[in-house]
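# Inside the fold
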Amino acid sequence: MTRISDLLAAGPTWSFEFFPPKTPEGATSLRAAVDELATLAPDFVSVTYGAGGSTRSTTRDVVVEINTNRAFPAMPHLTCVGHTRAELVDLLEDYRAHGIHNVLALAGDPPADGSDPGGDYTYASELVELVHEVDHFTVAVAAFPEVHPRSPDRASDRRYLAAKLAGADFAMTQFFWEVDHYRRLVEELGELGCDTPILPGVMPFVNVAGARRMSAMNNTHIPDSLQERMDEVADDPEATRKLGVTVATELVAELLEDDVCGIHLYALNRANSILEIYDNLGINPA
Ligand code: FAD
């Protein structure tokens, strides 16, 4: 049984994030990406979950397939908004039955149109409690270095996050473009007496408009210097991808100097950018 909390304690870990494919072609290219990235011997991978359960079975199938057939564990993301307790318990029991012992517990976003999502839960901390009731999973939670977009202020964001982390084994962060945001998060949690490991997330972007849109949605500031670099490549897909690799390499190198517990790379279901980041850093797979 591999617990990610143990891996982090012996870190730094290297991990990749995938999303569940929507089409048979997407499933084929995800398998190819997992095959290629397996050569890097990651410590674990994670698989996202569509809020409200839109990818319930595809997330589950990808996680079970990787966890069963690979030498590294797969951790499902799971959101609670819009779900009943019974639905979540079913899924957690299914994961347990398939030897999955690590779960990323999230709230998920409420519907964009403001309608009532239904279900029994509002906050991720409630899902953390439920996961512990079902079994001894290692539980990860989300952290937003630049404050969650729905938080009314920084102080309450940090207070709720520290309270959530009191019941969790580690946090994984939203992506950021300046390491100082991550450092400040760790420092502010420390001031609240929280020293739970905070695993930084790094996204090698492949599309300028997409990176800008996701940054705006997540409250992630893009510094002027990066905006200018993005402007220069915006019309050239390969130059954009290369810039995404360069920026991610710079972030990872700086994070490693800080002795972080690990690096979580948003693989976006492709291998090439991740392979190039490893190459740039001179990392040899184990
Ligand atoms: P919470 O921790 O519940 O926080 C949400 C907001 O509520 C914050 O503003 C917080 O301060 C506030 N809050 C918390 N507790 C309380 C309380 N008791 N009273 C009042 N306010 C409170 N989404 C997906 O749909 N699928 C995914 O796979 C996915 N993966 C993610 C992975 C990572 C690493 C990250 C960082 C985010 C991910 N998300 C995913 C996005 C996430 O679901 C959304 O950002 C969601 O809006 C918040 O989730 P949370 O778990 O941070 O919520």
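Attention now moves to helix 11 (residues 272-281). Within helix 11, the full set of buried residues consists of S273, I274, E276, I277 and Y278. Phi turns positive, to about 70 degrees, at G282, one or two residues after helix 11.

This part takes up the nonpolar core. The biggest cluster of nonpolar side chains holds 75 residues, and the ones touching the most others in it are F16, F18, L165, W177 and L265. Ignoring sequence-local partners within four residues, the contact set of F16 consists of L37, L40, P42, F44, V45, S46, H264, L265, A267, I274 and Y278. Counting 13 residues, the second largest nonpolar core, distinct from the first, contains I4, M75, L104 and F170.

Under the defined criterion, the tally for this structure stands at 20 salt bridges. For E93, the salt bridge identified is with R96, shortest N-O distance 4.0 Å. Of this pair, E93 and R96 both sit in helix 4 (residues 85-97), three residues apart, roughly one helical turn. We classify R96 as partly exposed; its relative accessible area is 32%. Among the ionic pairs, E276 bridges to K242, the shortest N-O distance being 3.4 Å. Residue E276 is located in helix 11, and its partner K242 is located in helix 10 (residues 237-257); the two are separated by 34 residues in the primary sequence. A cluster of three or more residues bridged by salt bridges with shared partners is formed by R154, D157, R158, R184 and E188.

A few words now on the pairing of strand 9 (residues 262-266). Burial analysis of strand 9 places five of its five residues in the buried class, which makes it a mostly covered element. In strand 9, alternate side chains face the same way, and those of G262, H264 and Y266 on one face and I263 and L265 on the other are all buried. Where strand 1 (residues 13-18) and strand 9 come together, five bridges link them in parallel fashion. Bridge pairing links W14 to I263 in strand 9.

So, on to the site of the ligand. Close contacts around the ligand come from 23 residues, with Y49, D109, A124, S151 and K164 the closest. With respect to the ligand, the side chain of H77 contributes an N or O atom lying 2.9 Å from an oxygen atom. One of the backbone N or O atoms of G108 is found 3.1 Å from an oxygen atom in the ligand. The fraction of the free accessible surface of the ligand (980 Å²) that becomes covered by protein chains is 84%. Listing elements by their share of the shell around the ligand, those giving two or more residues are strand 3 (74-79), strand 4 (102-106), helix 6 (154-166) and strand 6 (170-173). Residues belonging to the shell around the ligand are distributed by class as follows: 11 nonpolar, eight polar and four charged.

Counting through the fold element by element, S273 comes out in helix 11. For S273, a relative accessible area of 4% translates into the label buried. Here S273 is in contact with P204, V206, R241 and V245, once residues within four sequence places are set aside.

Rules of the game
- Residues numbered from 1 in each chain as written.
- Predicted model: local features only at pLDDT ≥ 70, side-chain atom pairs only at ≥ 80, totals over all residues.
- Heavy atoms only, no water.
- Buried < 20%, exposed > 50% of the residue type's maximum accessible area, 1.4 Å probe, protein only.
- Helix = DSSP H or I, 4+ residues; strand = E, 2+ residues; numbered from the N terminus.
- Core = buried A, V, L, I, M, F, W, Y, C linked by side-chain atoms within 4.5 Å.
- Contact = heavy atoms within 4.5 Å.
- Salt bridge = Lys/Arg side-chain N within 4 Å of Asp/Glu carboxyl O.
- Pairing = 2+ DSSP bridges.
- Near = heavy atom within 4 Å.
- Polar contact = N/O pair within 3.5 Å; in protein donor to acceptor, adjacent residues only side chain to side chain.
- Areas by Shrake-Rupley, 256 points an atom, 1.4 Å probe, with all protein chains shown as cover.
- Nonpolar A, V, L, I, M, F, W, Y, C, P; charged D, E, K, R; others polar.

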